[in-house]
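One letter stands for each residue in the lines below.
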Amino acid sequence: RLPASAKAGMPPGSLVHVGEVKTDRPTITLVAFDATGVDEQCFAGIEESRRYRPGRGTLWLNVYGLQDPEIMAEIGRRFRLHPLVLEDILNTGQRPKVDDYGEYLFIVMRTVEFDTENIDVTTEQISMVVCSKSSCSRFRSARPACSIRCATGCAATRAAFANSATTTSRIL
């Protein structure tokens, strides 16, 4: 776990992961969907993702494991995300908030889990970037029990996920 003090003296927007490392390596999953279908592609790394061209109109990008700042830097370049958004995603101690960046919304929320065996409560930051009508991204330290595929996989729900605003509200 890298403490927040490790960023002391760095300029704003510096990409340094602050928080607990919860996965061995980051996982990137791209879900491309529209009213007619859903395609899901998992990438072993950022290099592999550069060759992929989605064939559907709406994109949902999941990144699990935030310990590699270069992945966030590449996502920031591709989606034209503000450096402070990337910095806030990598600093997993953020307070819940919604910031309007004009072209997209940046949402930070926290999940709460209760471990009945150890009688312990833990929280985890989930950051989301909701862009126009064609793309969304979700970033978290560890993989959840249910992925976006659960929400978009069956034929009966595909039409309801026709744009990113609808998808975001259903995931929340």
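A brief structural summary. (Residues numbered from 1 in each chain as written. Predicted model: local features only at pLDDT ≥ 70, side-chain atom pairs only at ≥ 80, totals over all residues. Heavy atoms only, no water.)

Another point: the overall build of the protein. Scanning the protein from N- to C-terminus turns up six helices and seven strands. The order of helices and strands in the protein, counted from the N terminus, is β-β-α-β-α-α-β-β-β-β-α-α-α. Within the protein, buried positions represent 44% of all 172 residues. Partitioning the intrachain contacts of the protein with sequence separation of at least 6 by distance along the chain shows that 53% fall at a separation of at least 24. (Helix = DSSP H or I, 4+ residues; strand = E, 2+ residues; numbered from the N terminus. Buried < 20%, exposed > 50% of the residue type's maximum accessible area, 1.4 Å probe, protein only. Contact = heavy atoms within 4.5 Å.)

Another aspect to go through is the layout of surface pockets. Quantified by volume, the largest pocket comes out at close to 250 Å³. Lining the largest pocket are 14 residues; nearest its centre among them are Leu 30, Ser 49, Tyr 52, Arg 78 and Phe 79. Contributing elements (two or more residues each) for the lining of the largest pocket: β1 (27–34), α1 (46–49), β3 (58–64) and α2 (69–79). In terms of residue count, the dominant contributor to the lining of the largest pocket is α2 (three residues). When its residues are assigned to classes, the lining of the largest pocket shows ten nonpolar, one polar and three charged. (1 Å grid on protein atoms, 1.4 Å probe; cavity = no way out; pocket = protein on both sides within 12 Å on 5 of 7 lines; lining within 4 Å. Points joined across faces, edges and corners; volume = space filled by probe spheres on them. Nonpolar A, V, L, I, M, F, W, Y, C, P; charged D, E, K, R; others polar.)

On to unusual backbone geometry, then. Phi angles above zero are rare outside glycine, and Arg 80 is one such case at about 55°. By the secondary structure assignment, Arg 80 is in the loop between α2 and α3 (83–90). Residue Ile 119 is not a glycine yet carries a positive backbone phi of 50°. Here Ile 119 is to be found in the loop between β5 (104–115) and β6 (120–131).

Attention shifts here to the packing of aromatic side chains. As enumerated under the stated definition, the model contains two aromatic pairs in all. Relative to Tyr 52, the ring of Phe 43 has its centre 5.5 Å away and its plane inclined at 65°; by these criteria the two rings are edge-to-face. Classification of Phe 43 by relative accessible area gives buried; the value is 5%. Relative to Tyr 104, the ring of Tyr 101 lies with its centre 5.3 Å away and its plane at 10°, an arrangement referred to as stacked. (Phe/Tyr/Trp six-rings, centres within 6.5 Å; stacked < 30°, edge-to-face > 60°.)

Here we take up α2. Residues of α2 that are buried: Ile 71, Met 72, Ala 73, Glu 74, Ile 75 and Gly 76. Note on α2: the residue one or two positions beyond its end, Arg 80, has a positive phi of about 55°.

One can find His 17 in the segment before β1. For His 17, a relative accessible area of 8% translates into the label buried. With 50 residues separating them along the chain, His 17 and Gln 67 place their C-alpha atoms 5.5 Å apart.

Where strand β4 (residues 97–100) and β5 come together, four bridges link them in antiparallel fashion. If you follow Asp 100 over to β5, its bridge partner there is Leu 105. Joining the antiparallel neighbours β4 and β5 is a turn of three residues, in which Gly 102 adopts a positive phi near 80°. (Pairing = 2+ DSSP bridges.)

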